[in-house]
Amino acid sequence: MINKIICTLMAATFTLGATAQHTDGTTKSLVKAEEEFAATAAKDGIKSAFDAYSAKGALVFRPNPVDVKTYYASQPNDKNLSWTPDYARVSRSGDWGFTSGGYTVEGETKTYGDYLTVWKAVNGKWEVALDLGAEHHKPLKPVTTHFVEPKDYFKPKFAGPKQLAAGKDIILTTEKTLNMTLKSYGIAAYGGFLNPDARVVFPGYEPVIGKDKIIAFYNSMVDKMSLRTVGADKAAGGDLAYTYGVATIDYRTDLRESFNYVFIYERQPDFNWNLIQQIYVPAER
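Residues numbered from 1 in each chain as written. Predicted model: local features only at pLDDT ≥ 70, side-chain atom pairs only at ≥ 80, totals over all residues. Heavy atoms only, no water.

Under an unreviewed UniProt entry, the name given to the protein chain is DUF4440 domain-containing protein, and the organism recorded is Pedobacter cryoconitis.

Below you can see the structure in the form of structure tokens.
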């Protein structure tokens, strides 16, 4: 009888573990996975949470990109990090999405910031593929949640290596065009690549939301910017994509600084790709 009870408890535990991070292709399921991820970090520690929720080969920017398993192998299992998503999107193909929001680190001095996490669907579960965060002052602006569900579902029946590579090349070409335009026209070039509701997370500042506000933000401090793309990926549904790399910024104060960045793109009805999210973290030399 005791053995039967133990087996039942083990089966229940296994079932809970199997349903955690479950994806049904919706943004709702991704937000739930994010909340479970945060709860695991609070209960079991940050190291344990990343170990449980990260995909094979996932990258964390601390501040430079490093394999998540390699990084957390030498880190303490602290329980001082908390975060809450306030913006999330999932591709219409359901193969990946992203979450973003505010985080807090408890300590002698409490620190605040905003993060971006890219998730991929792996064997029916949401797993972390990229994660980074930028520190800023204690938030003063009210936060509004914006969780966007896919408008429809679409995934090509035949998407082999050649098709996937071609899709990635489109995004790389888009960012190459952006970089060339930045070199030719300066920071004003972003005007042609931003969605009206785009967001920018930059160290030291709360998220800047809205195309006009972003352009004003860039113009207020940036003279020139150049991008060196390191990696990219495009959703099978053809609607969302991301890139990451190194941005070199020349400020109007004659200072230069390098940042690791992750950009999220969305395909428009005219088939152009616009930026909907940008995040920068200082690069370590």
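Moving on from the coordinates now.
Asks: What's the story with the sheet that holds strand 2 (residues 65-67) in this structure? I'm lost.
Replies: The strands making up a sheet associate through hydrogen bonds between their backbones, and the pairing can be parallel or antiparallel. Strand order in this open sheet of seven strands is 2-1-6-5-4-3-7, and the pairing throughout is mixed. Strands at the two margins of the open sheet, each flanked by one partner only, are strand 2 and strand 7 (146-148). In this sheet, neighbouring strand axes are inclined to one another by 25 degrees on average, regardless of whether the strands run parallel or antiparallel. The sheet contact formed by strand 3 (residues 81-90) and strand 4 (residues 96-105) spans nine bridges and is antiparallel. Opposite L81, over in strand 4, you have V105 as the bridge partner. The strands touched by helix 2 (residues 27-44) are strand 3, strand 4, strand 5 (111-122), strand 6 (125-136) and strand 7; relative to strand 3, the strand with the most contacts, the crossing angle is about 170 degrees. (Pairing = 2+ DSSP bridges. Helix = DSSP H or I, 4+ residues; strand = E, 2+ residues; numbered from the N terminus. Axes fitted to C-alpha atoms, helices over the stretch in contact; angles between N-to-C directions. Contact = heavy atoms within 4.5 Å.)

Asks: How should the packing of aromatic side chains be read in this particular structure?
Replies: For the coordinates displayed, the defined rule picks out 19 aromatic pairs. With 5.0 Å between their ring centres and 85 degrees between their planes, F37 and F50 make a pair best called edge-to-face. One end of the pair, F37, is in helix 2; the other, F50, is in helix 3 (residues 46-53), with 13 residues separating them in the sequence. The exposure class of F50 is buried, given its relative accessible area of 4%. Judged by centre distance (5.0 Å) and plane angle (70 degrees), the ring pair of F37 and W83 falls under edge-to-face. Residue F37 is found in helix 2, and its partner W83 is found in strand 3; the two are separated by 46 residues along the sequence. Residue classification places F37 among the buried positions, given a relative accessible area of 1%. W83 sits in the buried class, given a relative accessible area of 10%. Three or more aromatic residues link up through ring pairs in this structure, and these residues are Y190, F202, Y205, F217, Y218, F259, Y261, F263 and Y280. (Phe/Tyr/Trp six-rings, centres within 6.5 Å; stacked < 30°, edge-to-face > 60°. Buried < 20%, exposed > 50% of the residue type's maximum accessible area, 1.4 Å probe, protein only.)

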